Amino acid sequence: MHIFVRKPFLKATEIRRKNRVLAKKNVFLHRKAVLEKISGKEHGVTSIRVIEEGQPRIYSVNGVFLAIGSKPNTELFTKQLRLTASRYIATDSTQETSKKGVYAIGDIVDPIYQQAICAAGDGAKAAINIQQSLDKDLVATEKWERSKRGKETSY
């Protein structure tokens, strides 16, 4: 396993866990490394291009996990969606944002747990709510089209 760190040091809050991971023979720490490109084929990631101390290097990999910090990267949404005071995207209990039909999940909405399992659960909630919303719109559209043809049917 390769761990690439942009800085000259690995920042981690759990020192014992960090030291245990780095002590493994199959873990390689690369400092001052910047991920430049992820390449892949239809079935997944095949390689990454990394700039290490100014030199480009290519590594064969079959997966990439990006951890880019704990601050939400919501600058892109400041004019489109309501954000919380902590700069996370504000959602209701269905994961819908301040803009109807736009849902947000995971780390970008959760300042406390910030874990992938939370994102997966939030994604499932959002998907179910999107499906229900689309179903309502479809029923309304079908009803409207039948009424135009004079074949109104109640549900």
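Described below are features of the structure shown in this document. Small disclaimer: the values here were computed from a predicted structure and weren't measured. (Residues numbered from 1 in each chain as written. Predicted model: local features only at pLDDT ≥ 70, side-chain atom pairs only at ≥ 80, totals over all residues. Heavy atoms only, no water.)

**Looking at the overall build of the protein**
Definition in use: We count a stretch as a helix when DSSP gives it H or I for four or more residues in a row; a strand needs E for two or more, and each element gets its number in order from the N terminus. The contact rule is simple, with two residues in contact once any of their heavy atoms fall within 4.5 Å. To measure how exposed things are, a 1.4 Å probe is used in the Shrake-Rupley method; for residues, cover is taken only from the protein chains shown.
Along its length, the protein carries 2 helices and 5 strands. Its helices and strands taken in sequence order, the protein reads β-α-β-β-β-β-α from the N to the C terminus. Pairs at least 24 apart in sequence give 26% of the contacts found in the protein among residues at least 6 apart. With an accessible surface of roughly 12200 Å², the protein has 54% of that area assigned to carbon and sulfur atoms.

**A short note on the side chain of T97**
For clarity, the threshold we go by: Each residue's exposure class comes from its accessible area (1.4 Å probe, protein chains only) as a fraction of the maximum for that residue type: buried when under 20%, exposed when over 50%, partly exposed otherwise.
Relative to the helices and strands, T97 is located in the loop between strand 5 (55-60) and helix 2 (116-149). Classification of T97 as buried rests on a relative accessible area of 9%. Apart from the residues within four sequence positions on either side, T97 is in contact with L81, I89, A90, T91, V102, Y103 and A104.

**Overview of a positive patch on the surface**
So the rule is basically this: Note on patches: the residues involved have over 30% relative accessible area and no salt bridge, like charges join within 9 Å, and the nonpolar side chains Val, Leu, Ile, Met, Phe, Trp and Tyr join within 5 Å. Each salt bridge in this description consists of a side-chain nitrogen of Lys or Arg and a carboxyl oxygen of Asp or Glu lying within 4 Å of one another. Here Asp and Glu are counted as negative and Lys and Arg as positive; His is not counted, and neither are the chain ends. Where a charge lies is defined by one atom per residue type, namely NZ (Lys), CZ (Arg), CG (Asp) and CD (Glu).
A contiguous patch of positive charge on the surface is contributed by R6, K7, K11 and K71. With respect to the helices and strands, the residue K71 is situated in the loop between strand 5 and helix 2.

**Topic: the pattern of salt bridges**
Here the structure, examined in full by the defined rule, presents 2 salt bridges. With a closest N to O distance of 2.2 Å, E36 and R49 form a salt bridge. Placement of E36 in strand 3 (residues 33-41) and of R49 in strand 4 (residues 44-52) is noted, with a sequence separation of 13 residues between them. For E36, a relative accessible area of 47% translates into the label partly exposed. R49 sits in the partly exposed class, given a relative accessible area of 31%.

**Description of a nonpolar patch on the surface**
A grouping of L35, I38 and V64 is seen on the molecular surface, where their side chains present a nonpolar patch of about 210 Å² in accessible area. When you line up the elements, I38 lands in strand 3. I38 gets classed as partly exposed once you look at its relative accessible area, which sits at 40%.

**Digging into the sheet that holds strand 5**
Selection rule: Strand pairing is assigned whenever DSSP detects at least two bridges linking the two strands. Here the axes come from fitting lines to C-alpha atoms, over the contacting stretch only for helices, and the angles between their N-to-C directions go from 0 to 180 degrees.
With antiparallel pairing, the 3 strands of this open sheet are ordered in space as 3-4-5. Strands with a single pairing partner mark the edges of an open sheet, and in this sheet they are strand 3 and strand 5. The mean angle between the axes of side-by-side strands here comes to 25°, regardless of whether they run parallel or antiparallel. Note that strand 4 and strand 5 share 6 bridges and pair antiparallel. Paired with I51 across the strands is P56, a residue of strand 5.

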